[in-house]
Number of protein chains: 2
Amino acid sequence: MASIRDHLFDSSFLDQSIAYLAEAHKLAITVLDSDGATVASRRSEGSDTPTSRAYPFSFSSDIGSMVCGAPNPEQLEQAEPHIRYCLSALNSQLMRETELQETTEEMLQLASQMNFLFKVAKQIIGIDDLQKCYQIILEEIAKATKADQGFIQTKGRWDEEICVTHRMSEAEVAASRESSNLQRSAGVSTIICAREDGASLLYSPIKEKDGLSGQMLFIRALGHRAFSASEKQLVAIIENIISPTFETLRLYDSLQDLYLNTVKALAAAIDAKDQYTHGHSFRVAKYAMAIGGELGIDSQQLNDLEIAGYMHDLGKIGISELILGKPGKLTSEEFCLIQQHPVFTDKILQPIKLPPHILEGATQHHERMDGTGYPGGLVGMDISRFGRIIAVADVFDALTSKRPYRDALPVEEALQKLCEGIDTLFDREMILAFIAALQSDRSKEVLGEINMSLRHNDLQNLNHFLVELTEFAMTSKRD
Amino acid sequence: MASIRDHLFDSSFLDQSIAYLAEAHKLAITVLDSDGATVASRRSEGSDTPTSRAYPFSFSSDIGSMVCGAPNPEQLEQAEPHIRYCLSALNSQLMRETELQETTEEMLQLASQMNFLFKVAKQIIGIDDLQKCYQIILEEIAKATKADQGFIQTKGRWDEEICVTHRMSEAEVAASRESSNLQRSAGVSTIICAREDGASLLYSPIKEKDGLSGQMLFIRALGHRAFSASEKQLVAIIENIISPTFETLRLYDSLQDLYLNTVKALAAAIDAKDQYTHGHSFRVAKYAMAIGGELGIDSQQLNDLEIAGYMHDLGKIGISELILGKPGKLTSEEFCLIQQHPVFTDKILQPIKLPPHILEGATQHHERMDGTGYPGGLVGMDISRFGRIIAVADVFDALTSKRPYRDALPVEEALQKLCEGIDTLFDREMILAFIAALQSDRSKEVLGEINMSLRHNDLQNLNHFLVELTEFAMTSKRD
Ligand SMILES: [Fe+2]
Ligand SMILES: [Fe+2]
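The name an unreviewed UniProt entry assigns to chain A is HD-GYP domain-containing protein, from the organism Thiovibrio frasassiensis.

Set out below in structure tokens:
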């Protein structure tokens, strides 16, 4: 229950007031809080107080009273105007203190919201992955609102649904979204409501330019206190201020996907000019990503590597399909022209502000470690990382694909051939990574359907072979 | 000068206090502010006050005093403890009121900053043009801080410098950036300083993930008050909270440029397969944009139209250069195959999530208004807007380019031929827009160098011709 102590933060004026009444008016003063406990008391020396009267503090609800005692009724009567003045001074101060307290709380709350915004903004700066961005925001809000569970469901690239969760299973997300209490109250603003089981729900729709793009939900389990108005406000603020970033990230993510797929589609069209290279760029990109994944390069770099893979034979646009698809032996002139395709790729892509590692990856796939490659005759580490990766991927696909003059080689034989070129033609690191990728579970995902069409012995034998090959590749001497 | 009135917002307790002293203690009270003016006064009826004494309010600096008068010194002496108590009650209230005032101000300021953030975030939501986004933020800050001038200089796509200004010339921007006072004090945080001429400068660096990406400067001319701490805080907050959006927009803008240029480069490579179509896609894209610009379509749509222009002959990847570049007459089979190129374009682009208007623009450029086109035989408005635009651009470029069997036609003749196809082959709106574009100043920019290589009579004659042609095109009857 509220007492005068909860309202009066600085009691020195109260002390001063009762001292004044005791001394100047010879009274005995006791300040009681609302439940009758003594807060303070004062009496002038030696005075007797058979007569007394209580003066309640008039501030808002019952918060206590001042009991004034005097030796006789006349003296109390005489002191009355002074007591009244004291009371009004105390009441006036109580009112100010309460206002101050409320305003301070409001201000601190705003300041902490602003700080929270700063903290979140700082964390998502430079992050170009939509899912990661949402996860950060989800975790930060969950921490700030002390939510037990939570999720953000919204539109990702191409308006596909994205859902990030905080300590929730998919089933729990679905169940929470269907809470009938929530369904009834959810609109276009942030709300707090109770789930049927009594848990507290804090719900916020996510807005975009014209309408809603998703929702956030935070849950505090039954037994904990319900979400507060200030927690609700925090979520509403975050939603309002951060949504332009979400919107832009969504556009960026969609465009990234469009870029990748456009390059992929064009590469497929170029590959299709020659029946023997059908699907080549697609497979090279996948093999290269398998190697890159094994090397632990990050998702943005993997994306770039995929693009470089699709682009590596673009220069073939400039070469007649009569030469590209010629069944017999090429003349040395024709061979020369074919060897020009990385130069054509470079010419096509040079005017574009493509990140250099993508361009190098695309144009250096025929370079070899010992400098016998083309078009630059680059040696060893002068060949870019992407170039060394794509070289392995390109040759592996060439070997495992049918040619006019030979059948497709089985995986084992192709890998054997690659291993023979360790250090001389290919980077050992990339060969090892590729073999490791073929052994890993991840490869099943990355290589997926391609793997199915490759010729190899039964899987158990292949795995055994890969283990042995790794041994060989690790120990084979540099020439 | 500060007076008690500036500190005491609610004077009712002051009135109550002096009434109490006047009535209960038979005094004459006058409250004076720091410059001696009377704020309030009260005296008990009929009392004479030859004796008086001033009691200054002890709150902070000199803010005024209470002068108490009595009929004789003894009475004043007797009232002394009561006066002292009153004074301390008033001082106590003054202190609370001042604190409350300061806290309220601080809170209101935070709330208005938060509101400002909301307002700016709402405005930039869904805007994907970096320059426009910066301009909005610049104008909003200038308005909020009542700055006379301002600029934001930062990195745009590919880290190129972007500079948006508010009532400033380029020279003024350069001069302000070189202000030696600014140079001395500018660091990594937001500051206020004075320019040599006395103008007030509010400067803020713009941060990105690892370092600084630019700066903002706001100027308040000499004669106006200097920027305040709260204005400085506002700018710092905006910079902190909005920068993730900037960062993402920059990435998005760069990728948009990369996409456009990649498609352009690939289209150029495909065009280059046939000496007669060298540069064709580039020119078609430019002509299409000139028409689109004349129709007033927005910059995002113009960008899409440009992409559709580059993509319109992509399907030629799938057609042998022997047929494409065949000098003599084509067999009907060969002609059929060539007519398939929009179908190939569609096949290549179909798997991509390309916006439908781009895909339609690229694949419908051989459709004709009367349904005699290919591959769909679409009629009139069933042909997409982009398709009708690119059709005109495509035919104009074909007519004004050299062919194995004829020389390039002069502009006048090509336009004449287009006009003859109004309603039957081409959309009148697009023809008119194209002629208007050729007459406009804007066309010099858009068509630029292409124009130079076109054959036409001297410019004055061309303009005269275009005016006449417009007349003709507007009145020609539908068949
Ligand atoms: Fe190649
Ligand atoms: Fe065409």
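Engineer: Is there a simple way to think about the pattern of salt bridges in this case?
Structural biologist: Think of it this way: side chains of opposite charge can pair up when their charged atoms draw near. Going through the model one piece at a time under the given rule, you end up with 44 salt bridges over all chains. Measuring nitrogen to oxygen at the nearest pair gives 3.6 Å for the salt bridge that ties A:Lys286 to A:Glu306. In this pair, A:Lys286 is assigned in helix H8 (residues 280-295) and A:Glu306 in helix H9 (residues 299-311), connecting sequence segments 20 residues apart. Both residues of the pair, A:Lys286 and A:Glu306, count as buried. The residue B:Arg428 makes a salt bridge to B:Asp423 at a minimum N-O spacing of 2.8 Å. Exposure class is identical for B:Arg428 and B:Asp423. Each is buried.

Engineer: Looking at this structure, I do not really get the coordination of the iron ion (ligand 2). What am I missing?
Structural biologist: Ideal geometry at a metal centre gives angles of 109.5 degrees when four donors are arranged tetrahedrally and 90 or 180 degrees when six donors are arranged octahedrally. Residue and element names in this part refer to chain B. Within the protein, Asp313 (OD), His341 (NE2), His365 (NE2) and His366 (NE2) serve as the donor atoms for the iron ion (ligand 2), at 2.2 to 2.3 Å. With 4 donor atoms in place around the iron ion (ligand 2) and angles of 79 to 161° between them, the coordination shape is irregular. Here His365 falls in the buried class, since its relative accessible area comes to 0%. Residue His366 is classed as buried on the basis of its relative accessible area, which comes to 13%.

Engineer: Got a minute to help me understand H8(A) in this structure?
Structural biologist: Each α-helix turn comprises 3.6 residues. Residues three or four places apart therefore point the same way. All names here are of chain A. If you check H8, its first and last C-alpha atoms are 23 Å apart, about what 16 residues at 1.5 Å a residue would give, namely 22 Å. Taken across its 16 residues, H8 has 13 buried, putting it largely inside the fold. The first or second residue beyond H8 is Gly296, which carries a positive phi of 80°.

Engineer: Please clarify how the packing of aromatic side chains should be interpreted in this entry.
Structural biologist: Pairs of aromatic rings are described using the distance from one ring centre to the other and the angle between the two planes. A full pass over the atoms with the stated rule returns 14 aromatic pairs over all chains. Pairing A:Phe13 with B:Tyr85 gives two aromatic rings, centres 5.7 Å apart and planes at 10°, and the pair type is stacked. Taken together, the residues A:Phe13 in helix H2 (residues 12-25) and B:Tyr85 in helix H3 (residues 73-124) connect one chain to another. The residues A:Phe13 and B:Tyr85 share a single accessibility class, namely buried. With 5.7 Å between their ring centres and 65° between their planes, B:Tyr287 and B:Phe434 make a pair best called edge-to-face. Pair noted here: B:Tyr287 is in helix H8 (residues 280-295) and B:Phe434 is in helix H16 (residues 428-439), with a separation of 147 residues, a long-range link. Judged by relative accessible area, B:Phe434 falls into the buried class, the value being 0%. Here a set of aromatic residues connected by ring pairs shows up, and it is made of A:Phe13, A:Tyr20, A:Tyr85, B:Phe13, B:Tyr20 and B:Tyr85.

Engineer: Explain the coordination of the iron ion (ligand 1) to me, please; I cannot follow it from the model alone.
Structural biologist: All names here are of chain A. With distances of 2.2 to 2.4 Å, the protein atoms coordinating the iron ion (ligand 1) are Asp313 (OD), His341 (NE2), His365 (NE2) and His366 (NE2). One can describe the donor arrangement at the iron ion (ligand 1) as irregular, given that its 4 donor atoms subtend angles of 79 to 161° at the metal. All donor residues of the iron ion (ligand 1) come from one chain, and their arrangement in sequence is D-x27-H-x23-H-H. Placement of Asp313 in the loop between H9 and helix H10 (321-324) and of His341 in helix H12 (residues 341-349) is noted, with a sequence separation of 28 residues between them. His341 carries the same exposure label as Asp313, and that label is buried.

Engineer: How should the domain arrangement of chain A be read in this particular structure?
Structural biologist: Interface size is commonly expressed as the accessible area that is lost once the parts come together. We note that the domain assignment places domain 1 (4-103), domain 2 (126-251) and domain 3 (256-475) within chain A. The straight-line distance from the C-alpha centre of domain 1 of chain A to that of domain 2 of chain A is 51 Å.

Engineer: Any chance you could explain the interface of chain B and chain A here in plain terms?
Structural biologist: If you look at the interface, chain B gives 73 residues, while chain A gives 74 residues. For the pair chain B and chain A, the two sides together bury roughly 6,800 Å², of which 76% comes from carbon and sulfur. Sorting the residues of chain B by area buried against chain A places B:Tyr85, B:Arg96 and B:Ile125 first, and these three jointly supply 11% of that buried surface. The tally of links from chain B across to chain A stands at 4 salt bridges.

Engineer: Any chance you could explain the packing of helix H14 (residues 385-399) of chain A against helix H16 (residues 428-439) of chain A here in plain terms?
Structural biologist: If you want to describe how two helices pack, look at the angle between their axes and the distance between the axes. All names here are of chain A. Put simply, H14 and H16 touch, their axes get as near as 9 Å, and they point 55° apart. With respect to H16, the element H14 is oriented oblique. Crossing geometry of H14 relative to H16 is assigned as right-handed. Across from Arg385, Arg388, Ile389, Val392 and Phe396 in H14, the residues of H16 making contact are Glu429, Met430, Ile431 and Phe434. For the contact of H14 with H16, a count of residues per class yields 6 nonpolar, no polar and 3 charged.

Engineer: I would appreciate a short explanation of the sheet that holds strand E8 (residues 200-208) of chain A in the present structure.
Structural biologist: Strand pairing within a sheet occurs via backbone hydrogen bonds; the two strands may be parallel or antiparallel. Residue and element names in this part refer to chain A. Spatially, 5 strands are ordered E6-E5-E9-E8-E7 in an open sheet, and the strand pairing comes out antiparallel. Every interior strand has two partners, whereas the edge strands, strand E6 (161-166) and strand E7 (191-194), have only one. Neighbour-to-neighbour, the strand axes of this sheet turn through a mean angle of 20°, independent of strand direction. Pairing analysis gives 6 bridges linking strand E5 (residues 149-155) to strand E9 (residues 211-220), with the strands arranged antiparallel. Its bridge partner being in E9, Gln153 is matched across the sheet by Gln215.

Engineer: Any chance you could explain the sheet that holds strand E1 (residues 28-33) of chain A here in plain terms?
Structural biologist: Residue and element names in this part refer to chain A. Within the open sheet, the 4 strands sit side by side as E2-E1-E4-E3. Their pairing is antiparallel. Of all strands in the sheet, those bounded by a partner on one side alone are strand E2 (38-43) and strand E3 (51-56). Each neighbouring strand pair of the sheet contributes to a mean axis angle of 15°, computed without reference to strand direction. Two elements, E1 and E2, share 5 bridges in a ladder whose sense is antiparallel.

Engineer: I would appreciate a short explanation of helix H12 (residues 341-349) of chain B in the present structure.
Structural biologist: Within H12(B), burial applies to B:His341, B:Pro342, B:Phe344, B:Thr345, B:Ile348 and B:Leu349. Take H12(B) and look down its axis: the buried residues cluster within an arc of 155°, on one side only. Where the residues of H12(B) are buried, they touch helix H7 (229-271) of chain A together with helix H9 (299-311), helix H11 (332-339) and helix H13 (356-363) of chain B.

Engineer: Teacher, can you tell me more about the relation of the copies chain B and chain A here?
Structural biologist: The operation relating the two chain copies consists of a rotation about an axis and a shift along that axis. Least-squares fitting of chain B to chain A yields an RMSD of 0.6 Å, with the superposition described by an axial translation of 0.2 Å and a rotation of 179°. On the angle and the small slide along the axis, the relation comes out as a two-fold axis. Take the interface residues of chain B: 100% of them recur as interface residues in chain A, which is what a same-surface contact looks like.

Engineer: Would you explain the confidence of the model for chain A in this entry?
Structural biologist: Caution applies to low-pLDDT regions: their predicted coordinates should not be interpreted in detail. Taken as a whole, chain A shows an average pLDDT of 87; of its residues, 93% reach a score of 70 or greater. With a pTM of 0.81, the predicted complex shows an ipTM of 0.80.

Engineer: What's the story with unusual backbone geometry in this structure? I'm lost.
Structural biologist: Only a minority of non-glycine residues have a phi that is not negative, and only a minority of peptide bonds are not trans. All names here are of chain A. The linkage connecting Tyr374 with the following residue, Pro375, adopts the cis geometry, with an omega of 0°. Structurally, Pro375 is set in the loop between helix H13 (356-363) and H14. A positive phi angle, close to 55°, is found at Trp158, a residue other than glycine. Inspection of the secondary structure puts Trp158 in the loop between E5 and E6. Accessibility expressed as a relative area gives 26% for Trp158, which makes it partly exposed.

Engineer: How should the nonpolar core be read in this particular structure?
Structural biologist: Formed by 121 residues in total, the largest nonpolar core has its most connected members in A:Met311, A:Leu415, B:Met311 and B:Leu415. Setting aside anything within four residues of it in sequence, one finds A:Met311 in contact with A:Tyr259, A:Val263, A:Thr345, A:Leu349, A:Leu354, A:Ile358, A:Ala362 and B:Thr262. Counting residues in hydrophobic clusters, the runner-up holds 66 residues, among them A:Leu249, B:Phe116, B:Ile141 and B:Phe246.

Engineer: How should the pairing of strand E7 (residues 191-194) of chain B be read in this particular structure?
Structural biologist: In regular strands, side chains alternate between the two faces of the sheet. Residue and element names in this part refer to chain B. Only one face of E7 is buried, namely the one carrying Ile191 and Cys193, since none of Ile192 and Ala194 on the opposite face is buried. Sheet topology note: the E7/strand E8 (residues 200-208) ladder contains 4 bridges and is antiparallel. Bridged to Ile192 within E8 is Leu202. Linking two consecutive strands that pair antiparallel, namely E7 and E8, is a turn of 5 residues; a positive phi of about 95° is found at Gly198 within it.

About the cut-offs
- Residues numbered from 1 in each chain as written.
- Chains lettered and ligands numbered in written order.
- Predicted model: local features only at pLDDT ≥ 70, side-chain atom pairs only at ≥ 80, totals over all residues.
- Heavy atoms only, no water.
- Salt bridge = Lys/Arg side-chain N within 4 Å of Asp/Glu carboxyl O.
- Helix = DSSP H or I, 4+ residues; strand = E, 2+ residues; numbered from the N terminus.
- Buried < 20%, exposed > 50% of the residue type's maximum accessible area, 1.4 Å probe, protein only.
- Donors = N, O, S within 2.8 Å, 3.2 Å for Na, K, Ca; no water.
- Tetrahedral: all angles 85-135°; square planar, octahedral: opposite > 155°, others 65-115°.
- Expected span 1.5 Å × (residues − 1).
- Phe/Tyr/Trp six-rings, centres within 6.5 Å; stacked < 30°, edge-to-face > 60°.
- Domains from an automatic or database assignment.
- Contact = heavy atoms within 4.5 Å.
- Buried area = accessible area lost by both parts, 1.4 Å probe.
- Axes fitted to C-alpha atoms, helices over the stretch in contact; angles between N-to-C directions.
- Parallel < 35°, antiparallel > 145°, perpendicular 65-115°, else oblique.
- Left-handed = near helix turned anticlockwise from the far one by under 90°.
- Nonpolar A, V, L, I, M, F, W, Y, C, P; charged D, E, K, R; others polar.
- Pairing = 2+ DSSP bridges.
- Arc of directions from axis to C-beta.
- Least-squares fit on C-alpha atoms with pLDDT ≥ 70 in both.
- pLDDT = per-residue confidence, 0-100.
- Core = buried A, V, L, I, M, F, W, Y, C linked by side-chain atoms within 4.5 Å.

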